[in-house]
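# Tertiary structure, described
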Amino acid sequence: EDKVVQSPLSLVVHEGDTVTLNCSYEVTNFRSLLWYKQEKKAPTFLFMLTSSGIEKKSGRLSSILDKKELFSILNITATQTGDSAVYLCAVEKGGSEKLVFGKGTKLTVNP
Amino acid sequence: NAGVTQTPKFQVLKTGQSMTLQCAQDMNHEYMSWYRQDPGMGLRLIHYSVGAGITDQGEVPNGYNVSRSTTEDFPLRLLSAAPSQTSVYFCASRGRSGYQPQHFGDGTRLSIL
């Protein structure tokens, strides 16, 4: 059975802290791993990691993929209150359009 | 840019009623999907489509029907609503070529009494 596990499930930090969110997976026919940020409505796309793109960075956010150990991390440096959200990790299966999601990490950044 | 548009945003139904959740995208995306999101469960795939006239089941398809008569539209039908179908429903789409992320609509919050 395909499985994506995120940890921690929730995290409370102070503005300026650095956080690391974890995502491990057991999915047959791996194609890509995606990170999304979800505030009140739709999940919004952050990063896609594939065999040919195992490290991505955008501003204070960065992510890496370890295909050998089957995990990914999302780092956020110098956190701001606007980073408060649920962060979702999903794995796309090759040969289909199926995304398998983890349960998410709820990040709260206090001023 | 409209992107992925879902209607309605909120709906309350009685057990046994039927309804259709609408999803439309204006990006000419071949792939479209429906997910439901429940507390503590993450997003789970209901049905998906890789193009007009082609649909397939996801992880939790029971109680739902879909069809894809055009590239733009992918409606989700609840045949006989049950309280267990109370959830937030998200539609997503992506293009076919290369590695592209799925883009999500704003969701429909559905309550079944």
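As the structure is a computational prediction, the values presented were derived from the model and not from experiment.

Rules of the game
- Residues numbered from 1 in each chain as written.
- Chains lettered and ligands numbered in written order.
- Predicted model: local features only at pLDDT ≥ 70, side-chain atom pairs only at ≥ 80, totals over all residues.
- Heavy atoms only, no water.
- Pairing = 2+ DSSP bridges.
- Helix = DSSP H or I, 4+ residues; strand = E, 2+ residues; numbered from the N terminus.
- Buried < 20%, exposed > 50% of the residue type's maximum accessible area, 1.4 Å probe, protein only.
- Polar contact = N/O pair within 3.5 Å; in protein donor to acceptor, adjacent residues only side chain to side chain.
- Contact = heavy atoms within 4.5 Å.
- Disulfide = S-S within 2.5 Å.
- Phe/Tyr/Trp six-rings, centres within 6.5 Å; stacked < 30°, edge-to-face > 60°.

Time to look at the pairing of strand β6 (residues 54-57) of chain B. Residue and element names in this part refer to chain B. Examined bridge by bridge, strand β5 (residues 42-51) and β6 share three bridges and lie antiparallel to one another. Its bridge partner lying in β6, Tyr48 is registered against Asp56. Here β5 folds back onto β6 in antiparallel fashion, the turn holding two residues, of which Gly53 has a positive phi close to 85°.

Here the focus is the side chain of B:Gln85. Residues and elements named next belong to chain B. By the element assignment, Gln85 lies in the loop between β8 (76-78) and β9 (87-94). Looking at Gln85, the relative accessible area reads 5%, which means it is buried. A polar contact is formed between the side chain of Gln85 and the backbone oxygen of Gly63, at a distance of 3.3 Å. The residues touching Gln85, leaving out its near neighbours within four places in the chain, are Arg36, Asn62, Gly63, Tyr64, Leu78, Ser80, Leu110 and Ile112.

To continue, consider the state of the cysteines. Scanning all chains against the criterion turns up two disulfides over all chains. Two residues, A:Cys23 and A:Cys89, share a disulfide whose sulfurs are 1.9 Å apart. Judged by the torsion about the S-S bond (-70°), the A:Cys23/A:Cys89 disulfide is left-handed. Of this pair, A:Cys23 sits in strand β3 (residues 19-26) while A:Cys89 sits in strand β9 (residues 85-93), placing them 66 residues apart in sequence. You'll find A:Cys23 and A:Cys89 in the same group, each marked buried. In this model, B:Cys23 is linked to B:Cys91 through a disulfide, with the two sulfur atoms separated by 1.9 Å. In this structure, the disulfide formed by B:Cys23 and B:Cys91 twists by about -75° around the S-S bond and is classed as left-handed.

For the rest of this paragraph, the subject is unusual backbone geometry. A cis geometry characterises the amide bond from A:Ser7 onward to A:Pro8, with omega recorded as -10°. Structurally, A:Pro8 is set in the loop between β1 (3-7) and β2 (10-14). A positive phi angle, near 45°, is found at A:Ala78, a position not held by glycine. With respect to the secondary-structure elements, A:Ala78 resides in the loop between β8 (71-76) and β9. Note on A:Ala78: relative accessible area 39%, which makes it partly exposed. Unlike most non-glycine residues, B:Asn28 shows phi in positive territory, near 60°. Within the secondary structure layout, B:Asn28 lies in the loop between β3 (19-25) and β4 (31-38).

According to the stated counting rule, one finds nine aromatic pairs over all chains in the structure shown. Between A:Tyr36 and A:Phe101, the ring centres sit 6.2 Å apart and the planes meet at 40°, which makes this aromatic pair tilted. Of this pair, A:Tyr36 sits in strand β4 (residues 30-38) while A:Phe101 sits in strand β10 (residues 99-101); the two residues are 65 residues apart in sequence, bridging distant segments of the chain. For the residue pair A:Tyr36 and A:Phe101, the accessibility class agrees, reading buried in each case. Relative to B:Phe104, the ring of B:Tyr35 has its centre 5.7 Å away and its plane inclined at 45°; by these criteria the two rings are tilted. Of this pair, B:Tyr35 sits in strand β4 while B:Phe104 sits in strand β10 (residues 103-104); the two residues are 69 residues apart in sequence, bridging distant segments of the chain. Each member of the pair, B:Tyr35 as well as B:Phe104, carries the same accessibility label: buried. Taken together through their ring pairs, the aromatic side chains of A:Tyr36, A:Phe45, A:Phe101, B:Tyr35, B:Phe90 and B:Phe104 make up a single cluster.

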